[in-house]
Amino acid sequence: MPPAPLEASNNSSGTACDVSEMGTPTNGENHTFRVVCLHMFTLDFLNQVIINFERDCIYQLAEKKIPSIHGSNVGFKLEQFVFYAFAYAPSMALFEILREEEFAPIKNANGASYDTPDSAKLMLLRLHSRWVVASVLNCHCHISLSVVEISPLCSNAGENLEAICHGRTFHAPCEITN
């Protein structure tokens with residue numbers, strides 16, 4: 001059977017599995033990866049998964065607060081997750097990515113401590129700054145920045161910045177548009 005992800009709320013300690021910056025679990029669990037939600041399935045496989053889900057009745061029981069006119073009540077919800085399909089796959093492949101280059105989730109509103117629109121924007125601006133710094137190694141330009149935004153019309157992955165940055169001076173915050 002292929003590896004199967006463990007829902008964060010359903011691990012042996014009964015608590016969510018926090019992962020540190022280096023990918024090391026902080027609560028003693030042996031889980032170092034998160035699902036970024038880029039899955040590719042064939043239609044035939046998904047049809048087979050539907051049959052298996054109905055037969056195997058795979059659900060995650062989640063306790064939820066339900067608002068009512070008398071205040072908040074506790075209820076239970078049966079959930080299914082796309083990664084439950086992995087158990088039915090004859091094979092699968094995992095790709096490890098650098099989170100700071102490929103994944104800036106937005107799960108919470110601004111003001112929360114993580115995964116907010118502001119934190120995603122900052123991660124993108126820092127990535128763009130690293131691209132410009134890397135291009136400086138290959139061209140002659142002056143740079144004094146900590147935050148820079150690069151228009152996707154100029155570069156999608158840090159390419160072509162040598163020509164754009166050559167002989168220019170940048171001061172943060174700035175936007176590179178051509």
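Below you will find a few notes about this structure. (Residues numbered from 1 in each chain as written. Predicted model: local features only at pLDDT ≥ 70, side-chain atom pairs only at ≥ 80, totals over all residues. Heavy atoms only, no water.)

**Let's talk about unusual backbone geometry**
Despite not being glycine, D115 has its phi angle at roughly 55°, a positive value. Within the secondary structure layout, D115 lies in the loop between helix 2 (99-102) and helix 3 (117-136). Despite not being glycine, N160 has its phi angle at roughly 70°, a positive value. Along the polypeptide, N160 turns up in the loop between strand 4 (148-150) and helix 4 (161-165). (Helix = DSSP H or I, 4+ residues; strand = E, 2+ residues; numbered from the N terminus.)

**Considerations on helix 1 (residues 43-56)**
The end-to-end C-alpha distance of helix 1 is 20 Å, a good match for the 20 Å that 14 residues give at a rise of 1.5 Å each. Considered for burial, the residues of helix 1 that qualify are F45, V49, N52 and F53. Buried residues of helix 1, viewed axially, fall in a sector of 105°; they line one side. Facing away from the buried surface of helix 1 by more than 90 degrees, the exposed residues are L43, D44, E54 and R55. Among the residues trailing helix 1, C57 stands out with phi positive, at a value near 50°. (Expected span 1.5 Å × (residues − 1). Buried < 20%, exposed > 50% of the residue type's maximum accessible area, 1.4 Å probe, protein only. Arc of directions from axis to C-beta.)

**Section: the pattern of salt bridges**
In total, this model carries four salt bridges according to the counting rule given. For E79, the salt bridge goes to K64, with nearest N and O atoms at 3.5 Å. Taken together, the residues E79 in strand 2 (residues 71-79) and K64 in strand 1 (residues 60-68) connect sequence positions 15 residues apart. Between E79 and K77 there is a salt bridge, and its shortest N-O distance comes to 3.7 Å. (Salt bridge = Lys/Arg side-chain N within 4 Å of Asp/Glu carboxyl O.)

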